[in-house]
Amino acid sequence: MLIPPFNEQSAMQKVRMAEDAWNSRDAQRVAQVYSEDTRWRNRSEFVNGRSEVVAFLQRKWANELEYRLIKELWAWHHDRLAVRFAYEWRDDSGNWFRSFGNENWHFGADGLMITRYACINDLPIAESQRLFHWPLGRRPDQHPGLSELGL
């Protein structure tokens, strides 16, 4: 596990590790990088503790089908990272969306995330406008990131 203080390389690694975990859509796996008493704000929802993280993610991925995410480091300082992201998903009626957001992360000395604040906006898109086409799971290394895609 990567622990603070972060430098550019370790911060970028931490972001990619988070992206990979979220793209697994395995709520238990994702939750392991958060402290037992983690606190989140995700849109207008407040999540407290690792067990609530698991429940939140299970609900999320039951509704956001074919979820594919790209994260990018925005800034870092000691034990804090700022991340921007975009993900594509569809609902159960076949409507596609691209969700854009920013996250602020704060880590404990053990490398577990203590707080996560996420602001997210959803943009309806046509299926033909999708940019994230890799098979479900980890984004391939050769797939462009947000900046390369102009997002």
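Structure: see above.
The following refers to the structure shown. (Residues numbered from 1 in each chain as written. Predicted model: local features only at pLDDT ≥ 70, side-chain atom pairs only at ≥ 80, totals over all residues. Heavy atoms only, no water.)

Here's the deal with the nonpolar core
Note on soluble globular proteins: their nonpolar side chains tend to be buried together.
Link 1 in the chain: Residues Trp-22, Trp-40, Leu-57, Leu-81 and Trp-105 are the most contacted members of the largest nonpolar core, which totals 32 residues.
Link 2 in the chain: Put simply, the parts of the chain that give this core at least two residues each are helix 1 (8-24), helix 2 (27-31), strand 1 (34-42), helix 3 (50-63), strand 3 (65-77), strand 4 (80-90), strand 5 (96-107) and strand 6 (113-125).
Link 3 in the chain: Beyond its immediate chain neighbours, meaning those up to four positions away, Trp-105 contacts Lys-14, Val-15, Ala-18, Lys-71, Asp-79, Arg-80, Leu-81, Val-83, Met-113, Thr-115 and Arg-116.
Link 4 in the chain: Ile-70, Ala-86, Phe-132 and Trp-134 belong to the second-largest nonpolar core, a separate cluster that totals five residues. (Core = buried A, V, L, I, M, F, W, Y, C linked by side-chain atoms within 4.5 Å. Buried < 20%, exposed > 50% of the residue type's maximum accessible area, 1.4 Å probe, protein only. Helix = DSSP H or I, 4+ residues; strand = E, 2+ residues; numbered from the N terminus. Contact = heavy atoms within 4.5 Å.)

Some thoughts on the pattern of salt bridges
Link 1 in the chain: Per the counting criterion, the structure on display carries 18 salt bridges.
Link 2 in the chain: For Asp-141, the salt bridge is made with Arg-16, and the minimal N-O distance between the two is 3.7 Å. Here Asp-141, found in the loop between strand 6 and helix 4 (146-149), pairs with Arg-16, found in helix 1; they are 125 residues apart in sequence, far enough to count as distant.
Link 3 in the chain: Judged by relative accessible area, which is 18%, Arg-16 ranks as buried.
Link 4 in the chain: In this structure, Arg-138 engages Asp-20 in a salt bridge whose closest nitrogen and oxygen atoms are separated by 2.9 Å. Here Arg-138, found in the loop between strand 6 and helix 4, pairs with Asp-20, found in helix 1; they are 118 residues apart in sequence, far enough to count as distant.
Link 5 in the chain: The exposure class of Arg-138 is partly exposed, given its relative accessible area of 43%.
Link 6 in the chain: We classify Asp-20 as buried; its relative accessible area is 13%.
Link 7 in the chain: When salt bridges that share partners are traced, they join Arg-16, Glu-19, Asp-20, Arg-138, Arg-139 and Asp-141 into one network. (Salt bridge = Lys/Arg side-chain N within 4 Å of Asp/Glu carboxyl O.)

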